[in-house]
Amino acid sequence: MANEKIPYKIYLEESEMPKAWYNIKADMKKKPAPLLNPATGKPMTAEELSAVFCDELVAQELDEENAYIEIPEEIRDFYKMYRPAPLVRAYCLEKKLGTPAKIYYKFEGNNTSGSHKLNSAIAQAYYAKKQGLKGVTTETGAGQWGTALSMACSYFDLDCKVFMVKCSYEQKPFRREVMRTYGASVTPSPSTETEVGKKILKEHPGTSGSLGCAISEAVETAVSNDGYRYVLGSVLSQVLLHQSVIGLETKTALDKYGIKPDIIIGCAGGGSNLGGLIAPFMGEKLRGEADYRIIAVEPASCPSLTRGVYAYDFCDTGMVCPLSKMYTLGSDFIPSANHAGGLRYHGMSSVLSELYDQGLMEATSVKQTEVFEAAEYFARIEGILPAPESSHAIRVAIDEALKCKQTGEEKTIVFGLTGTGYFDMVAYEKFHDGIMEDYIPTDEELEIYRKKLPKIG
Ligand SMILES: *Cc1c(COP(=O)(O)O)cnc(C)c1O
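**Re the packing of helix α7 (residues 144-156) against helix α9 (residues 173-181)**
Helices that pack against each other are described as a pair by the angle of their axes relative to one another and the distance between those axes. At a minimum axis distance of 8 Å, the contact between α7 and α9 shows a crossing angle of 15°. As the angle between them shows, α7 and α9 are arranged roughly parallel. Crossing angle aside, the handedness with which α7 passes α9 is left-handed. Where α7 approaches α9, its residues Q144, G146, T147 and S150 are matched on the opposing element by R175, V178 and M179. Here the residues of the contact of α7 with α9 are counted per class, giving 2 nonpolar, 4 polar and 1 charged.

**Remarks on the sheet that holds strand β8 (residues 185-189)**
Read from one edge to the other, the open sheet built from 4 strands follows the order β8-β7-β6-β9, with strand pairing classed as parallel. Every other strand in the sheet has two partners, leaving β8 and β9 (228-230) as the edge strands with one partner each. On average, adjacent strands in this sheet sit at an angle of 25° to one another, irrespective of strand direction. Judged from the 6 bridges that link them, strand β6 (residues 135-140) and strand β7 (residues 159-165) form a sheet pairing that is parallel. Looking at the pairing, E139 lines up with F163 of β7. Sitting on the sheet, α7 touches β6 and β7, and the angle it makes with β6 is about 165°.

**Thoughts on the layout of surface pockets**
If a probe as big as a water molecule is rolled over the atoms, it shows which places are left empty. Taken as a whole, the second largest pocket encloses approximately 330 Å³ of empty space. For the second largest pocket, the lining is made up of 14 residues, of which I200, E203, H204, T317 and D332 are closest to its centre. The greatest single-element share of the lining of the second largest pocket, amounting to 4 residues, is contributed by helix α10 (residues 195-203). Broken down by class, the residue content of the lining of the second largest pocket amounts to 5 nonpolar, 6 polar and 3 charged. Both domains that furnish three or more residues to the lining of the second largest pocket are identified here as domain 1 (25-31 + 51-70 + 117-230) and domain 2 (83-114 + 242-450).

**Things to note about the site of the ligand**
In the neighbourhood of the ligand, 18 residues make up the surrounding shell, with K117, S234, G269, N273 and T418 lying closest. Within the side chain of S272, one N or O atom sits 2.7 Å away from an oxygen atom of the ligand. Here a nitrogen atom of the ligand and a side-chain polar atom of T418 are 2.7 Å apart. Relative to its unbound accessible surface of 380 Å², the ligand loses 94% to contact with the protein. Taken together, the elements giving at least two residues each to the shell around the ligand come down to α13 (272-286) and α17 (388-407). Of the residues contributing to the shell around the ligand, the split by class is 4 nonpolar, 12 polar and 2 charged.

**Remarks on the sheet that holds strand β4 (residues 87-89)**
One open sheet accounts for 7 strands, arranged β1-β4-β5-β15-β10-β11-β14; its pairing is mixed. Unpaired on one side and paired on the other, β1 (9-10) and β14 (362-366) mark the two borders of the sheet. Judged from the 5 bridges that link them, strand β11 (residues 293-299) and β14 form a sheet pairing that is parallel. Along β14, the bridge assignment pairs P299 with V366.

**Examining α13**
The sharpest bend along α13 comes to roughly 55°, located at A279, with the proline P280 sitting one to four residues further on. For α13, the buried fraction is high: 15 of the 15 residues fall into the buried class. Directly after α13, the chain includes G288, whose backbone phi takes a positive value near 75°.

**Structural notes on the domain arrangement of the protein**
Domain assignment breaks the protein into domain 1 (25-31 + 51-70 + 117-230) and domain 2 (83-114 + 242-450). Computed over C-alpha atoms only, the centres of domain 1 and domain 2 are separated by 22 Å. Facing 34 residues of domain 1, the contacting portion of domain 2 comprises 28 residues. Summing both sides of the interface, domain 1 and domain 2 together bury roughly 2,600 Å²; the carbon and sulfur share of this comes to 60%. By the criterion of area lost to domain 2, the three top residues of domain 1 are D27, M28 and N119, representing 22% of everything that side buries. Our enumeration of links across domain 1 and domain 2 arrives at 3 salt bridges. Note that E354 and K30 form a salt bridge whose closest N and O atoms lie 3.1 Å from each other. At the boundary of domain 1 and domain 2, one finds 12 residue pairs in polar contact (both at pLDDT 80 or more). Elements supplying a minimum of two residues to the side of domain 1 that touches domain 2: α3 (55-62), α6 (118-130), α7, α9 and α11 (211-223). Here the side of domain 1 that touches domain 2 is composed, by residue class, of 16 nonpolar, 10 polar and 8 charged.

**Quick look at the environment of L343**
Within the secondary structure layout, L343 lies in the loop between β13 (323-328) and α15 (350-357). Residue contacts for L343: discarding those within four places in its chain leaves C267, A268, G269, V297, P299, C302, E389 and H392.

**A closer look at the packing of α6 against helix α12 (residues 237-256)**
Packing of α6 against α12 brings their axes to within 8 Å, and their N-to-C directions diverge by 125°. Classified by the angle their axes make, α6 and α12 are oblique. Two packed elements cross with a definite hand, and for α6 against α12 that hand is right-handed. Between α6, through N119, S120, A123, Q124 and Y127, and α12, the contact on the second element is made entirely by Q238, V239, H242, Q243, V245 and I246. Of the residues assigned to the contact of α6 with α12, the class counts are 5 nonpolar, 6 polar and no charged.

Conventions used here
- Residues numbered from 1 in each chain as written.
- Predicted model: local features only at pLDDT ≥ 70, side-chain atom pairs only at ≥ 80, totals over all residues.
- Heavy atoms only, no water.
- Axes fitted to C-alpha atoms, helices over the stretch in contact; angles between N-to-C directions.
- Helix = DSSP H or I, 4+ residues; strand = E, 2+ residues; numbered from the N terminus.
- Parallel < 35°, antiparallel > 145°, perpendicular 65-115°, else oblique.
- Left-handed = near helix turned anticlockwise from the far one by under 90°.
- Contact = heavy atoms within 4.5 Å.
- Nonpolar A, V, L, I, M, F, W, Y, C, P; charged D, E, K, R; others polar.
- Pairing = 2+ DSSP bridges.
- 1 Å grid on protein atoms, 1.4 Å probe; cavity = no way out; pocket = protein on both sides within 12 Å on 5 of 7 lines; lining within 4 Å.
- Points joined across faces, edges and corners; volume = space filled by probe spheres on them.
- Domains from an automatic or database assignment.
- Near = heavy atom within 4 Å.
- Polar contact = N/O pair within 3.5 Å; in protein donor to acceptor, adjacent residues only side chain to side chain.
- Areas by Shrake-Rupley, 256 points an atom, 1.4 Å probe, with all protein chains shown as cover.
- Bend = angle between axes of the 7 residues up to and from the residue.
- Buried < 20%, exposed > 50% of the residue type's maximum accessible area, 1.4 Å probe, protein only.
- Buried area = accessible area lost by both parts, 1.4 Å probe.
- Salt bridge = Lys/Arg side-chain N within 4 Å of Asp/Glu carboxyl O.

Here it is, written out as structure tokens:
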């Protein structure tokens, strides 16, 4: 059977690695809504955006025309240090589950930052360097993005200022040290280094911080320091563009063996890994060439797609960023403190939000104890200790494979294994000690934040 020919790991040759990123917006008939200037309510111009972001990245952000954007050679060379990422056939998992389904995962954890985030970090650092900037500022939650960016900045000799959500800063001191090893400065957020940080501290003394708040601090620092710009690790179209390397490699690997997936699954925080993984497949779907079932998986404690509203909202707590139309829980929403599984952002990429709204993909939410059950099961069978974020996708991949066991269908399932979980052992510890709780916000709670959405459009 064809099965026997498929190796455990499908690797690509260097020459088969993508030379261009794929811009999904080019193939969308109805485009995602534009970013708006909160002061004027008008679409952000390139000029306005370039006060905050690097020029080339602004061009990529606004590009709705070009389906392919060449990956500069310097970035391709960096990619070669840790890519192509393997596409693994989960034979052991299939056997253990006793499922006729064929399961594949694209493993993005083979670099020091431990996640897919390096794919965009290196691109953003490259364009900052090319523009002659001194450095960049950013926020980090769990720490993977800050780590990836500090690696990328040290490679291009750029200064890197990271605002790290305070509770992570305190819970994950080793993450901080990895960033400092790569030369980044790391500040717990909210801090007294920015006006917006001081304001948030005054209004919410003792707050443990949030991504939205750290973003506001990083943006303020970028715009008030000469030679600095702000960079973001997810949500934006440019980040999805860079992450399309994940999907392009996956598609090339599958095509080599004539495999067509039935179901593609990815976890969704801000949407960058999922947007990247599905990019070329969604492209085929948009052009009417093929059909796939695509599933976004989010935490039940931060359910932006499944329980949010599709509306213009602020990307950050301090309301300094442009407004984005997206599925959102409201920019003040902060998931319950006992939520340990990552994917804590209140909104979702405008590209994925629009695709979801058009019915081109599905979304589901899972409880964190179910996620950690799947994580541990997977670690014991496939050997890799997965990041909690990635384990959302594992959970749903296992569930879909078990459905195939019931029906006898031999579906092909592909999921994104976005990273490793070595820095998440406090969360694993809670799970092992049986003290991890599931928290699902009530409709009344969600309504509080929904009411505060800006009234636009
Ligand atoms: C950041 C991160 C995610 C979620 O971010 P997206 O932008 O939604 O992809 C998922 N997995 C890992 C390991 C991460 O570090």
